[in-house]
Amino acid sequence: KDFFPTLHKDLKVVEPKNQSEKDEPPKVELKELPPHLEYAFLGDDGKWPVIIVKDLSSNEKTALINVLKTRKKAIAWKLTDIKGIDPEFCSHKILLEEDYSPKVQSQRRRGMTVIKNDENELVPTHIVTGWRVCINYRKLNEATRKDHFPLPFMDQMLERLAGNEYYCFLDGFFGYFQILIDPKDQEKTTFTCPYGTFAYKRMPFGLYNAPGTFQRCMMAIFHDMIEKMMEVFMDDFSVFGSSFSTCLTNLENMLKRCEDTKLALNWEKSHFMVKEGIVLGHKILKKGIEVDKAKIEVISKLPHPTTIKGIHNFLGHAGFYHRFIKDFSKISRPMTHILEKNSPFIFSNECFQAFRTLKDKLTEAPILIAPNWDQPFELMCDASDYAEFDFKVIDTRGAENYAADHLSRLENPYENIFDPKEINETFPLESLNKGRVSQKDEMPQNFIQICEIFDVWGIDFMGPFPSSKGNKYILVAVNYLSKWVEAKALPTNDARVVVKFLKSLFSWFGTPKAIISDRGTHFCNDQFSRVMEKYKVTHRLSTAYHPQTSGQVEVTNRVLKRILERTVGENRTSWSDKLEDALWAFRTAFKTSIGCTPYRLVYGKACHLPLELELKAYWALKHPNFNLKIAGDHRKLQLNELNELRDQAYENSLIYKERTKKLHDDKIKNRIFNVGDQVLLFNSRLKIFSGKLKSHWSGPFTISEIYPYGTAKLIHPDVCNFKVNCHRLKHYHGGDPPPLGILNVTTFPKDN
């Protein structure tokens, strides 16, 4: 039992008591088989049947029967043959949310059986010919903590299967019932029936996380065989080989693994050494992938839809094979238009023609051949209406194309130079409340685009909060490219704690090129300036009363605050204990702007969660590699992949921000401010002016200077000069000016 080095305990094979090698053979019904299949028997006198392909030679048939006899314990003929997968290896846990409350559902009446009467009419009857347990676990599923374990991509799995000479298509025997429920969770499956109250010991159908548990278990059992010699999709197993001997060896290894883990296969649904078969509704064979003729025959006999539900059903059936039909979406467009909101149901001639065309194309569906990725690919391009150029493109990943990848990363002396100009004022990710300034009054967006990770950080304080272990503030730092966040709970928000935090930040991530902050006194002081000068870091200040300038930090603050609100519960003073958990959640959450998680962008790998260790995820079962050369080559590949990932994140970020900028700018009205214009300034709840104001607009002010990115400097005889973003301004056209309050001069230490 040496195939799971990560398990602390070997899997124990415990034989049931009072069981001999000569168990009584089960009585099974031998049904009629397709022409290419036949029954073979692992015992004398037609006992222990299995289903094999008919056209094997005598030597091949003997070899196959010997393997099946040797691994006979992996095959089940009756329910008592199921021993159950060892709970030390896998068991189903039902983890409930913290805020759930117990639910009790009353027993429902038994269902009715529908039969035909003498007049060939369907009528209900209470005659019961058998029982089938069907439990409604909806209330339990609502309270269950969700386990989103992914299933394999069907199209990729089919492509890997196609093109082989021999296959063994196997099926699990009562698949879910082979996994035990954790003893402390069994009572959660309790149900009542006319014969009493019962609870499941084995995993039943209907539980929300049951598919994830089963697929994870199968992946763990066959982790080193998948894609190499077999494929697994829930309880459907497909063993393949390019020759009879290869497939037989792969089959024996797979059956041995089933014996070791006590996984039982269904004899009646397992076909050995066939050359074609149905997998997930597709026919797999050496030539490629075909549609399942039986399903196509059913679709071809369907009448044209007469209701919206009928269209949904037909498109659902036909769409399952959309990859076999060229221009499927174009052909089906007349019918999909009917499904649009507020569209009347009119099944026109175009719809009828589309319906007929799809059925005809399904009956004539071609054989799909999986691409051979070892061969070069040709890309045919039409350069214009008058000339055509044919050229060959050989695609190689940057991480493996060392020479070209290295040359592309050489420094260009004319690029990637940090621009010392005024920073861009607006970011596309912000949607802050702007009082009564409508979006059409805003200025066009401009965003910062950073070329290297950890080049630019934004910092800001959150708080004050209710005291938590003496802490009232959170100092947040976010990297503009990777979206990586560092935060620390602090008792005060003075310059001393800021400087100490920055020194720790520099020791972890290196000295950045710039730090962006607001104009708070904890960031604008001599102590902070000395640290910036010592480490040669440029300190950029956001425009006064325009938090969108350091918008990435503002967004991060909102997200962290939202996470803390959902984790602290009723005891609001425990937020400092939950801060690390909030950071973990933020760093491992997918960010659309970079196309991955911050954790993956920084470390080049997915973050492994404690739940994955508990449930023995696929990565946790990999064998360690002690070959230094192989490990070294793999590490070089990983480093190149990390650089490639960061380049891709940069491109994703640029595309995302340009798209959001376009969406934002399309809704604004074009306004032009010039030096000398008189303008009014919007006074929001940010309280630019002291005292009570009778109007939200103050002024007039005179524009003395216009800066890039929508910033203007305002002057007034009675107050000091200051900068604002132009979307807070509007032209003054005369009349009685609004009252002007007295500015708090200490608010603008850099502009006095």
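Looking at an unreviewed UniProt entry, one finds the protein named Reverse transcriptase domain-containing protein and attributed to Tanacetum cinerariifolium.

Draft legend 1. Inspection of the overall build of the protein at higher detail. Each helix and strand in the protein was counted, giving 18 helices and 27 strands. A total of 752 residues make up the protein; the buried ones form 43% of that total. Long-range contacts, defined as pairs at least 24 residues apart, comprise 67% of the intrachain contacts of the protein with a sequence gap of at least 6. Of the roughly 43,900 Å² of accessible surface on the protein, 52% is carried by carbon and sulfur atoms.

Draft legend 2. Spotlight on the confidence of the model for the protein. In the predicted model, the protein carries a mean pLDDT of 77, and the fraction of residues at 70 or more is 74%. This stretch, residues 685–694, has a pLDDT under 50; its non-local contacts, to residues over four places away or in other chains, come to 22 contacts. Note that pLDDT drops below 50 for residues 741–752; the model gives that stretch 24 contacts with residues more than four away or on any other chain.

Draft legend 3. Molecular detail of the packing of helix α6 (residues 293–300) against helix α10 (residues 349–363). Closest axis-to-axis distance for the α6/α10 pair is 10 Å, and the angle between their directions is 160°. Overall, the two elements α6 and α10 adopt an arrangement that is roughly antiparallel. Crossing of α6 against α10: the hand is left-handed. On the side of α6, the interface is formed by I296, I299 and S300, while α10 contributes K359, L362 and T363. Here the residues of the contact of α6 with α10 are counted per class, giving three nonpolar, two polar and one charged.

Draft legend 4. Molecular detail of the pairing of strand β19 (residues 473–479). The element β19 is largely enclosed, with a buried count of seven among its seven residues. Burial of β19 is two-sided: the residues Y473, L475, A477 and N479 facing one way and the residues I474, V476 and V478 facing the other way are all buried. Bridge analysis of strand β18 (residues 456–462) against β19 gives six bridges, and the strand direction is antiparallel. Each bridged residue has a counterpart across the sheet, and for W457 the counterpart in β19 is N479.

Draft legend 5. Spatial organisation of the pairing of strand β12 (residues 271–274). The sheet contact formed by strand β2 (residues 49–53) and β12 spans two bridges and is parallel. Bridging from a neighbouring strand, I51 pairs with H271 of β12. Sheet topology places strand β6 (residues 166–171) next to β12; two bridges connect them, and they run antiparallel. Bridged to Y167 within β12 is V274.

Draft legend 6. Inspection of the state of the cysteines at higher detail. Tallied over the full model, the rule gives zero disulfides. Of all cysteine sulfurs in the structure, the one in C90 sits closest to C217, which takes part in no disulfide; the separation is 3.4 Å. Just so you know, C247 is unpaired, no disulfide at all, and the nearest cysteine sulfur is the one on C168, 4.0 Å from it. Given a relative accessible area of 0%, C247 falls into the buried group.

Draft legend 7. Molecular detail of the sheet that holds strand β14 (residues 282–285). The three strands are arranged β13-β14-β15 in an open sheet whose pairing can be described as antiparallel. The open sheet has two edge strands, β13 (276–279) and β15 (288–291), and neither has a second partner. Neighbouring strand axes in the sheet, compared pairwise and without regard to direction, differ in orientation by 30° on average. One ladder, built from four bridges, connects β14 with β15; its direction is antiparallel. Residue pairing for β15: H282 is matched across the bridge by V291. Helix α3 (residues 154–161) rests against β13, β14 and β15 of the sheet, and its axis sits at about 30° to β14.

Draft legend 8. Representation of the sheet that holds strand β10 (residues 236–241). Spatial ordering of the open sheet is given by β1-β2-β12-β6-β10-β9, a layout of six strands whose pairing is mixed. At either margin of the open sheet sits one strand with a lone partner, and together these are β1 (37–41) and β9 (230–233). Strand-to-strand twist in this sheet, taken as the mean axis angle between neighbours without regard to direction, amounts to 20°. Across the face of the sheet, helix α1 (residues 58–70) comes into contact with β1, β2, β6 and β12 while running at roughly 55° to β1.

Criteria and cut-off values
- Residues numbered from 1 in each chain as written.
- Predicted model: local features only at pLDDT ≥ 70, side-chain atom pairs only at ≥ 80, totals over all residues.
- Heavy atoms only, no water.
- Helix = DSSP H or I, 4+ residues; strand = E, 2+ residues; numbered from the N terminus.
- Buried < 20%, exposed > 50% of the residue type's maximum accessible area, 1.4 Å probe, protein only.
- Contact = heavy atoms within 4.5 Å.
- Areas by Shrake-Rupley, 256 points an atom, 1.4 Å probe, with all protein chains shown as cover.
- pLDDT = per-residue confidence, 0-100.
- Axes fitted to C-alpha atoms, helices over the stretch in contact; angles between N-to-C directions.
- Parallel < 35°, antiparallel > 145°, perpendicular 65-115°, else oblique.
- Left-handed = near helix turned anticlockwise from the far one by under 90°.
- Nonpolar A, V, L, I, M, F, W, Y, C, P; charged D, E, K, R; others polar.
- Pairing = 2+ DSSP bridges.
- Disulfide = S-S within 2.5 Å.

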